[in-house]
Amino acid sequence: MNTTLTKKVQESFITTFSTKPLMIFSPGRINIIGEHTDYNDGFVFPAAVDKGIIAAIQKSDTNISTAFAIDMNESVSFELDKLKPSSEGSWENYVLGVVAEIQNRNRVVGNFNIAFSGDIPSGSGMSSSAALENSVVYGLNELFNLGLSKTEMILISQKAEHNYVGVNCGIMDQYASMFGIENNALLLDCRTVEAKPFEINFKEHELMLINTNVKHSLSDSAYNDRRSACENIASLLGIKALRDATEADLLTIKDQVTPENYQKALYVIQENNRALKASKAMTDGDLETLGALIYGSHEGLSKQYKVSCDELDFLVEQAKLNKHILGARMMGGGFGGCTINLISKDAVDAFKLTVSKAYKEKFNKDCSIYSVKLSNGTHVIK
Ligand code: GLA
């Protein structure tokens, strides 16, 4: 967690609202494997990281509430009994949505002020949105003694995303951000919403993120379209979710779906299996197999599920040229954001140089390279 940023957020809150706030850190996440499987009741393998959202929050004794996005230098004030979504794409929907969903659960929040800033770029596929939602629900739960469990809080964050932001996301991001464990990744069963922690020590290898610094538009509608396609195929198969299907099951309805949607459902079934195989490879310390599964995941996301883009594909191709990289793939919803790379520690510096240069030459744009530590989930900063 970033102490300089914490100080900045705290000071900015005090200057703006003249009271001392409660400080919350809410992390972003990475995902080792298991992409677009969460809303199919499948398995994912995320971890919270040491970057995310820092929020300062306190009760207000006025009859309005105010949210201040420090990085954008924008604030909005709202009345708690008149909440409605703002225009599409605006950051305040993450805050308003959480408050509205708390109210939908018959909990009473009073007026409050919140200021926040973050150190993960939005659109990086590291889930700054779930981090923000979780910081709001966590802070309000503390301030107003709402008695919400962590599981209730993440469901509230997820509903905020569905109903206010307009993205019908799964539960991975909110779960990882809330329940993260230092040095661990979580094999999460998105049906039971229960996870098994795996201590991550890749010895002479590490995970490296490369941000394309692009976020192609329409990604939200493409996301929702894919979710509906998966749900339609599950109902054709007479099952609750694609998690319950095998490749053989899918074959039985092949002539009832478009070839495109067939490939999408096939991807989900295969990716779910890859996530389970990855957990076995990790238990066995078999990084070669883990890496191959990660490359396989990218191939499926790009060719079958069609949520990649030229920039992401290029970065994965660059990784494949380097024998010190065991696996690489796009991470998160897609259409931009980061790739995650399983790379030999000795090779990091050289690869950074080559890949940065190649990316710049190809796209006339810089990529950004991050190293992250796996961290604890949303908590109060003491
Ligand atoms: C986004 C969503 C998640 C998940 C990923 C893809 O991050 O918020 O719920 O579906 O995309 O795995």
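Just so you know, these numbers come straight off a predicted model, no measurement behind them.

A. Here's a closer look at the overall build of the chain. Regarding its fold elements, the chain presents 11 helices and 13 strands. Counting across all 382 residues of the chain, residues that qualify as buried make up 60%. Once local pairs closer than 6 in sequence are excluded, the contacts in the chain between residues at least 24 apart make up 72%. Charged side chains in the chain number 38 positive and 46 negative. The centres of these two groups are separated by 2 Å.

B. The site of the ligand, seen in detail. Near the ligand you find Arg29, Glu35, His36, Asp38, Tyr39, Cys169, Gly170, Met172, Asp173, Tyr223, Gly332 and Gly333, and these make up its full shell. At a separation of 2.7 Å, an oxygen atom of the ligand approaches a polar backbone atom of His36. Within the side chain of Asp38, a nitrogen or oxygen atom sits 2.5 Å from an oxygen atom of the ligand. Relative to its unbound accessible area of 300 Å², the ligand is 92% covered by the protein chains. Considering only residue class, the shell around the ligand consists of four nonpolar, four polar and four charged.

C. Inspection of the side chain of Ser308 at higher detail. Within the secondary structure, Ser308 is located in the loop between helix H9 (287–304) and helix H10 (310–320). Ser308 gets classed as buried once you look at its relative accessible area, which sits at 12%.

D. Spatial organisation of helix H6 (residues 219–236). Between the first and last C-alpha of H6 there are 26 Å, a value that for 18 residues agrees with the 26 Å anticipated at 1.5 Å per step. Every buried residue of H6 is listed here: Ser219, Ala222, Tyr223, Asn224, Arg226, Arg227, Ala229, Cys230, Ile233 and Ala234. Among the structural elements, helix H4 (150–165), strand S9 (205–215), helix H7 (247–251) and helix H8 (259–283) are those in contact with the buried residues of H6.

E. Spatial organisation of the domain arrangement of the chain. As far as domains go, the chain holds domain 1 (3–199 + 376–380) and domain 2 (205–371). One C-alpha centre belongs to domain 1, the other to domain 2; they are set 25 Å apart. Between domain 1 and domain 2, the contact holds 32 residues from the first and 45 residues from the second. Across the interface of domain 1 and domain 2, roughly 3200 Å² is buried in total on both sides, 61% from carbon and sulfur atoms. Summed over the shared surface of domain 1 and domain 2, the result is four salt bridges.

F. Focus on the sheet that holds strand S5 (residues 74–78). On the basis of which strands lie adjacent, the open sheet formed by six strands has the order S5-S4-S6-S3-S1-S13 and mixed pairing. Two strands bound the open sheet, and with one partner strand each, they are S5 and strand S13 (379–380). Summarising the sheet, strand S4 (residues 65–69) and S5 pair through five bridges and their orientation is antiparallel. Its bridge partner being in S5, Ser65 is matched across the sheet by Phe78.

Scoring rules and cut-offs
Residues numbered from 1 in each chain as written. Predicted model: local features only at pLDDT ≥ 70, side-chain atom pairs only at ≥ 80, totals over all residues. Heavy atoms only, no water. Helix = DSSP H or I, 4+ residues; strand = E, 2+ residues; numbered from the N terminus. Buried < 20%, exposed > 50% of the residue type's maximum accessible area, 1.4 Å probe, protein only. Contact = heavy atoms within 4.5 Å. Lys, Arg positive; Asp, Glu negative; His and termini not counted. Charge placed at Lys NZ, Arg CZ, Asp CG, Glu CD. Near = heavy atom within 4 Å. Polar contact = N/O pair within 3.5 Å; in protein donor to acceptor, adjacent residues only side chain to side chain. Areas by Shrake-Rupley, 256 points an atom, 1.4 Å probe, with all protein chains shown as cover. Nonpolar A, V, L, I, M, F, W, Y, C, P; charged D, E, K, R; others polar. Expected span 1.5 Å × (residues − 1). Domains from an automatic or database assignment. Buried area = accessible area lost by both parts, 1.4 Å probe. Salt bridge = Lys/Arg side-chain N within 4 Å of Asp/Glu carboxyl O. Pairing = 2+ DSSP bridges.

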